[in-house]
Amino acid sequence: MSAPVAALRRSGDFFAFCLDTLRGLGRRPVQVREFVQQAWFISSVSILPAALVSIPFGAVIALQLGSLVRQLGAQSFTGAASVLAVVREAGPIVTALIIAGAGGSAICADLGSRKIREELDAMQVLGIDPVQRLVVPRVLASVLVAVLLNGLVSVVGVTGGYTFNVVMQGGTPGAYLASFQALGQLPDLLVGEVKAALFGATAALVASYQGMNAKGGPKGVGDAVNQSVVITFMLLFALNFVVTAVYFQVVPQKGS
């Protein structure tokens, strides 16, 4: 089988897997215990790295935009540019990278190990749907953690950007906040949360699919984890572009 045909077939299998997961959302019984366990695990491995990564993200954005707007003579808009960049783009991206790198890799490794031990086949023999029993709680947990984590990343990133702008660049606190109030709006925060939810679901779906299709023993599980992280990153950046483009077409911007 040629590489393009194999890639097309895997894409179709992944799309069918996503549809099976979507259908599993409405099935009973709801795996509440598994959902809580997975949400706690993903949050425990993601909160600290996300908070630590968001500080330099906010600082770099503030420093770069502060230098740029100073050259353009628009220092009064530094706050709006920095905060909107963090809330719209940097926050969801950081959240997605952490979820995919920490939570997604753990999900893939867990399901991959179950696959090579033939636990998933045993579940099917017993009449238990592995997608409804294992995948759906992990996807819901990733979505919940991603939405909450995005709020944390946005707060830490904005605080870091504000501190670096005021302390290192001599910005005015009042002007920083006033410019954001003038140009920011509620849909900016909502689109960030929507992105985070989509990114969390995508990371969990890719990790689950790769794990449940792992082959070749422990080496195959390791390869599946690496592939899931790479594929997730590619899909996240493409999805981010699509959502951002749709947002600017649908939501009118203040000051335009």
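The rules behind each value
Residues numbered from 1 in each chain as written. Predicted model: local features only at pLDDT ≥ 70, side-chain atom pairs only at ≥ 80, totals over all residues. Heavy atoms only, no water. UniProt positions renumbered as here; feature names shortened; annotations may be inferred. Helix = DSSP H or I, 4+ residues; strand = E, 2+ residues; numbered from the N terminus. Expected span 1.5 Å × (residues − 1). Bend = angle between axes of the 7 residues up to and from the residue. Polar contact = N/O pair within 3.5 Å; in protein donor to acceptor, adjacent residues only side chain to side chain. Patch = residues over 30% accessible without salt bridge, like charges linked within 9 Å, V, L, I, M, F, W, Y side chains within 5 Å. Areas by Shrake-Rupley, 256 points an atom, 1.4 Å probe, with all protein chains shown as cover. Salt bridge = Lys/Arg side-chain N within 4 Å of Asp/Glu carboxyl O. Buried < 20%, exposed > 50% of the residue type's maximum accessible area, 1.4 Å probe, protein only. Core = buried A, V, L, I, M, F, W, Y, C linked by side-chain atoms within 4.5 Å. Contact = heavy atoms within 4.5 Å. Axes fitted to C-alpha atoms, helices over the stretch in contact; angles between N-to-C directions. Left-handed = near helix turned anticlockwise from the far one by under 90°. Nonpolar A, V, L, I, M, F, W, Y, C, P; charged D, E, K, R; others polar. Phe/Tyr/Trp six-rings, centres within 6.5 Å; stacked < 30°, edge-to-face > 60°.

When the UniProt feature table is mapped onto this chain, "transmembrane region" (unreviewed entry) is found at residues 39-63, 139-164 and 229-250. Its end C-alpha atoms 35 Å apart, residues 39-63 is made of 100% helix and 0% strand. As annotated, residues 139-164 comprises 100% helix and 0% strand, and the C-alpha atoms at either end are separated by 36 Å.

In this model helix α5 (residues 130-168) runs 53 Å from its N-terminal to its C-terminal C-alpha over 39 residues, within 8% of the 57 Å that 1.5 Å per residue would give. Considering bend angle alone, the principal kink of α5 is centred on V136 and spans about 30°; proline P137 follows within four residues of it. Its side-chain oxygen 3.2 Å from the backbone nitrogen of V131, D129 forms the N-cap of α5.

On the surface, F15, L19, L22, L25 and L140 cluster together into a nonpolar patch covering about 460 Å² of accessible area. Counting residues per element, the nonpolar patch draws most heavily on helix α1 (residues 3-24), at three residues. Along the polypeptide, F15 turns up in helix α1. For F15, a relative accessible area of 52% puts it in the exposed group.

Membership of the largest hydrophobic core comes to 35 residues, with the highest contact counts inside it found for F17, I99, V135 and M212. Listed by contribution, the elements that provide at least two residues to this core are α1, α2 (32-72), α3 (78-116), α4 (119-125), α5, α7 (186-212) and α8 (217-250). For this core, the element with the highest residue contribution is α5, accounting for nine residues. Setting aside residues up to four positions removed in sequence, V135 forms contacts with F17, T21, L111, P130, S208 and M212.

Two packed helices can be described by the angle between their axes and the distance between those axes. At a minimum axis distance of 8 Å, the contact between α5 and α7 shows a crossing angle of 145°. Viewed along their axes, α5 and α7 form a crossing whose handedness is right-handed. Contacts from P130, V131, V135, R138, V139, S142, V143, A146, V147, N150 and G151 in α5 reach G192, E193, A196, A197, G200, A201, A204, L205, S208 and M212 in α7. The residue inventory of the contact of α5 with α7, partitioned by class, reads 13 nonpolar, six polar and two charged.

So, about the pattern of salt bridges. In this structure the tally under the stated criterion is nine salt bridges. Across the salt bridge formed by R23 and D20, the nearest N and O atoms sit 2.2 Å from each other. Of this pair, R23 and D20 both sit in helix α1, three residues apart, which is roughly one turn of that helix. By relative accessible area, which is 48% here, R23 ends up partly exposed. Assessed through its relative accessible area of 29%, D20 is described here as partly exposed. The structure contains a network of salt bridges with shared partners spanning E34, D110, R114, R117, E119, R133 and R138.

This part is about the packing of aromatic side chains. One pass over the full model with this rule turns up three aromatic pairs. Between F14 and Y209, the ring centres sit 5.5 Å apart and the planes meet at 75°, which makes this aromatic pair edge-to-face. Pair noted here: F14 is in helix α1 and Y209 is in helix α7, with a separation of 195 residues, a long-range link. For the pair Y247 and F248, a centre-to-centre distance of 5.5 Å together with 65° between the ring planes defines the contact as edge-to-face. With relative accessibility at 40%, the residue F248 sits in the partly exposed group. The rings of F14, F17 and Y209 are connected pair by pair, giving a single aromatic cluster.

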